[in-house]
Amino acid sequence: MPIRVMVTRDFDHMSEVAAELVKKDIIRTLKNKDEYVFGLATGSSPTGVYKHLARAANDGEFDSTRIRSFNLDEYVGLPGRNPQQRLMHPESYGYFMIQEFFGLLHRKFLETNLPWGSLIDQKRLLAELKAYPGDWRELGRDRGRQIRIKAATESQYLGWIRKDILGAYDKSIKKAGGIDLQIVGVGGRGHVGFHESGIPFAGSRVMLVRLDENTVADAVSDGHFQSKKESPRYAVTMGAELIYQAKTVLLLACGERKVKAVAESLLGEPTADVPISYGQMYSQKGGNLIYVLDEIAAAELFLNRKKLEQKGIKVQKTL
Ligand code: GLP
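Reading the values: rules and limits
- Residues numbered from 1 in each chain as written.
- Predicted model: local features only at pLDDT ≥ 70, side-chain atom pairs only at ≥ 80, totals over all residues.
- Heavy atoms only, no water.
- Near = heavy atom within 4 Å.
- Polar contact = N/O pair within 3.5 Å; in protein donor to acceptor, adjacent residues only side chain to side chain.
- Areas by Shrake-Rupley, 256 points an atom, 1.4 Å probe, with all protein chains shown as cover.
- 1 Å grid on protein atoms, 1.4 Å probe; cavity = no way out; pocket = protein on both sides within 12 Å on 5 of 7 lines; lining within 4 Å.
- Sits in = over half its atoms within 2 Å of the grid points.
- Nonpolar A, V, L, I, M, F, W, Y, C, P; charged D, E, K, R; others polar.
- Phe/Tyr/Trp six-rings, centres within 6.5 Å; stacked < 30°, edge-to-face > 60°.
- Helix = DSSP H or I, 4+ residues; strand = E, 2+ residues; numbered from the N terminus.
- Buried < 20%, exposed > 50% of the residue type's maximum accessible area, 1.4 Å probe, protein only.
- Points joined across faces, edges and corners; volume = space filled by probe spheres on them.

A. Local environment of the site of the ligand. Taken together, G43, S44, S45, D73, Y93, G185, V186, H191, G193, F194, R257 and K258 make up the full set of residues near the ligand. S44 places a polar main-chain atom, nitrogen or oxygen, 2.7 Å from an oxygen atom of the ligand. A distance of 3.3 Å is found between a nitrogen atom of the ligand and a backbone nitrogen or oxygen belonging to G193. A total of 390 Å² of accessible area belongs to the ligand in isolation, and the protein chains cover 90% of it. Among the cavities detected, the one that contains the ligand is the largest pocket. Each residue belonging to the shell around the ligand can be placed in one class, and the counts come to three nonpolar, six polar and three charged.

And the structure:
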């Protein structure tokens, strides 16, 4: 399906337009099947959408108890002595989701899932990676790397991560029938979830990732962590290969920091350097990809409208 780009005035307008698209998709889908499988993202971009959706659900516009959700990613290495403390850290994505969405719903979702990154003890992870170098390899041509754990491991801990943290999350999405609509934001360098720039597409379903320095710097400059030292260094995330299997992918981007990544993702050829460019392959294979941007994030796309039209991509101003 052709990629649709909707250009809105600002964050509030972007949130309104995107929430309307999601709401329609939920209502339409729930007419044909029992459950809606909703892929969620963290970050500041989707917060307005979540408020609109919670209000609509609370007003009875759709049945939130028939929604099962899967989040893209979760940190590994948040401060805390045990999983419970790490999960309840105010910067965990679990905490974020309760605050920004789940907690706003009067009638809760049937089930919510986030990758089980908080179960991993970062100290133990580092020790096992060091002790068993033959059990894993790093993939990626930039600073963020996928830590790919082999099928047969000497380390029980690494084997457990592969099977019960990464593989099991992938399986639970499959068991739910796949994702109906996935919301994604964009990292400064075009990452999606924590599929960092330079990590190859192939084999990127649910991954253990060592974060890019740029991601860590953004987390500090956005005020999430006081310093790079306190910021988590790893994450568990869906990768582009899995994300772009959803029936619809809705990408939200707002503001100056997103201009370059958004432009590169559609104007250039698909490349692992800009993971969201994978969307072009997805749309060629029949996927429904919609960008909802504010005017600033869309600036370069607007200047290159002709080139995009030649690629079959429609850039549309939404008033
Ligand atoms: C983090 C998340 C991404 C998110 C990105 C952008 O890196 N792991 O999933 O898209 O932040 O966040 P924001 O929307 O705040 O710009």
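B. Representation of the packing of aromatic side chains. The tally for this structure, following the rule as stated, stands at 16 aromatic pairs. With a centroid separation of 6.0 Å and an interplanar angle of 10°, the aromatic rings of Y93 and F194 are classed as stacked. With Y93 in helix α4 (residues 93–100) and F194 in the loop between β8 (181–184) and β9 (206–210), this residue pair connects regions lying 101 residues apart in the sequence. No difference in accessibility class separates Y93 from F194, as the two residues are buried. In textbook terms, an aromatic cluster arises when at least three aromatic residues are bridged by ring pairs, as seen for Y36, F38, Y50, F101, F102 and F109.

C. Summary view of the layout of surface pockets. Size it by volume and the largest pocket reaches roughly 660 Å³. Lining the largest pocket are 30 residues, with T42, G43, S44, Y93 and D222 sitting closest to its centre. For the lining of the largest pocket, the per-class residue count stands at 11 nonpolar, 13 polar and six charged. In this structure, the second largest pocket encloses a volume near 360 Å³. Around the second largest pocket, the lining is made up of 18 residues, and of these R162, L166, G167, D170 and V206 lie nearest the centre. Broken down by secondary-structure element, the contributors of at least two residues to the lining of the second largest pocket are β7 (145–149), α6 (156–175) and β9. Ranked by the residues each element gives to the lining of the second largest pocket, the list is headed by α6, at nine residues. Of the residues contributing to the lining of the second largest pocket, the split by class is seven nonpolar, three polar and eight charged.

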